[in-house]
Number of protein chains: 2
Amino acid sequence: MAFTIRDASTPVYKRGLRTLLHLLQRADEHAKANNTDVTALLDARLAPDMFDFKKQVQIATDHAKGGAARLAGLEPPKFLDSETTVAELQVRVQAILDYVDGIDAALYDGAEDRDIQLVYPWATYDFKGAKFLTYWSLPNFFFHVTTAYNILRHNGVAIGKADFLGK
Amino acid sequence: MAFTIRDASTPVYKRGLRTLLHLLQRADEHAKANNTDVTALLDARLAPDMFDFKKQVQIATDHAKGGAARLAGLEPPKFLDSETTVAELQVRVQAILDYVDGIDAALYDGAEDRDIQLVYPWATYDFKGAKFLTYWSLPNFFFHVTTAYNILRHNGVAIGKADFLGK
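**Some details on helix H4 (residues 86-102) of chain B**
All names here are of chain B.
Thinking step 1. With 17 residues, H4 should cover 24 Å at 1.5 Å per step; its first-to-last C-alpha distance of 24 Å lies within 8% of that length.
Thinking step 2. Regarding H4, the residues found buried are Val86, Leu89, Arg92, Val93, Ile96, Leu97 and Val100. Along the axis of H4, the buried positions cluster into a sector of 135 degrees, meaning they face one direction only. Along H4, exposed side chains directed more than 90 degrees from the buried face belong to Val91 and Gly102.
Thinking step 3. For H4, the elements touching its buried residues are helix H1 (10-33), helix H2 (39-42) and helix H3 (53-71).

**Observations concerning unusual backbone geometry**
Residue and element names in this part refer to chain A.
Thinking step 1. Non-glycine residue Asn35 carries a positive phi angle of around 55 degrees.
Thinking step 2. By secondary structure assignment, the location of Asn35 is in the loop between helix H1 (10-33) and helix H2 (39-42).
Thinking step 3. Positive phi, close to 55 degrees, is recorded for Asp81, a residue that is not glycine.
Thinking step 4. Turning to its location among the elements, Asp81 is positioned in the loop between helix H3 (53-71) and helix H4 (86-102).
Thinking step 5. Residue Asp81 is classed as partly exposed on the basis of its relative accessible area, which comes to 31%.

**Some words on the interface of chain A and chain B**
Thinking step 1. With 37 residues of chain A at the interface, the matching set in chain B holds 37 residues.
Thinking step 2. Sorting the residues of chain A by area buried against chain B places A:Phe3, A:Tyr135 and A:Phe143 first, and these three jointly supply 22% of that buried surface.
Thinking step 3. In this structure, the connection of chain A to chain B is made through 2 salt bridges.
Thinking step 4. Taken together, the links from chain A to chain B amount to 14 residue pairs in polar contact (both at pLDDT 80 or more).
Thinking step 5. If you tally residues by element for the side of chain A that touches chain B, the top one is helix H5 (residues 129-154) of chain A, at 17 residues.

Rules used throughout
- Residues numbered from 1 in each chain as written.
- Chains lettered and ligands numbered in written order.
- Predicted model: local features only at pLDDT ≥ 70, side-chain atom pairs only at ≥ 80, totals over all residues.
- Heavy atoms only, no water.
- Helix = DSSP H or I, 4+ residues; strand = E, 2+ residues; numbered from the N terminus.
- Expected span 1.5 Å × (residues − 1).
- Buried < 20%, exposed > 50% of the residue type's maximum accessible area, 1.4 Å probe, protein only.
- Arc of directions from axis to C-beta.
- Contact = heavy atoms within 4.5 Å.
- Buried area = accessible area lost by both parts, 1.4 Å probe.
- Salt bridge = Lys/Arg side-chain N within 4 Å of Asp/Glu carboxyl O.
- Polar contact = N/O pair within 3.5 Å; in protein donor to acceptor, adjacent residues only side chain to side chain.

Following this line, the structure appears as structure tokens:
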């Protein structure tokens, strides 16, 4: 059974997105158990010039939908990044999980050689699909999922590695 | 050009390991510029029950050598985990970078279906190679590289996303 670029991407995004759903639930439970406002966790960050928890979740999901869509030759769906509550973030993560899950597997044929261009205000990046996945999408995706986890852990939420790895 | 499990693993480990070398250098520069002992950074952690920076580096390298070796059907080289200085950590990371780089590409043929068993004191995990890479090795590897980065960032080292992504 050959290994494909879809094998290296779709299950990784899906599992990481499920981790985000789990982290959101754990943050909510932590706040309820401690009779505090979960907003303090959503707004928490590891350094003054780093993004807060909710933005880490938003960016992680951007890399999941952007990675999956671009490898499949699709335009990624846009979100307004207006989520401010656990419930709203859960809706976003679930929507992107469903989106990634629903992409036709056949669209990934030859994705390793697909030309992918990312245009940002500060730079334009040109990749072939394989390098886009391994040098851009996966490192960025894991960076933001891990940082979301680290923000909760740093703020006393009782989670461990298993809460990151998921099932 | 077909995408292989080696394409999804070797360049990812190598780039992440180069990121660790870069982070070690930035930590060292930060301490020198501030006339402080870099040991404080090496011993820093994000939560009392999380591993410190040097252990994050050690575990990240374990996942790189363990991932590459097991996919190639080799026994991972062992290290004593006795590094306590920037220089010693740099030697370890470079040694593992050279090790991963030196594995014969042909050994990865069929690695996606290879049976891989991990035996820990608390559990035994059985994977096929593809799932070992995407559900275990890559998430763990990125987790520890990112956490090493986050520890430095949280402690005032002037690094940004580009220092994580590398080149």
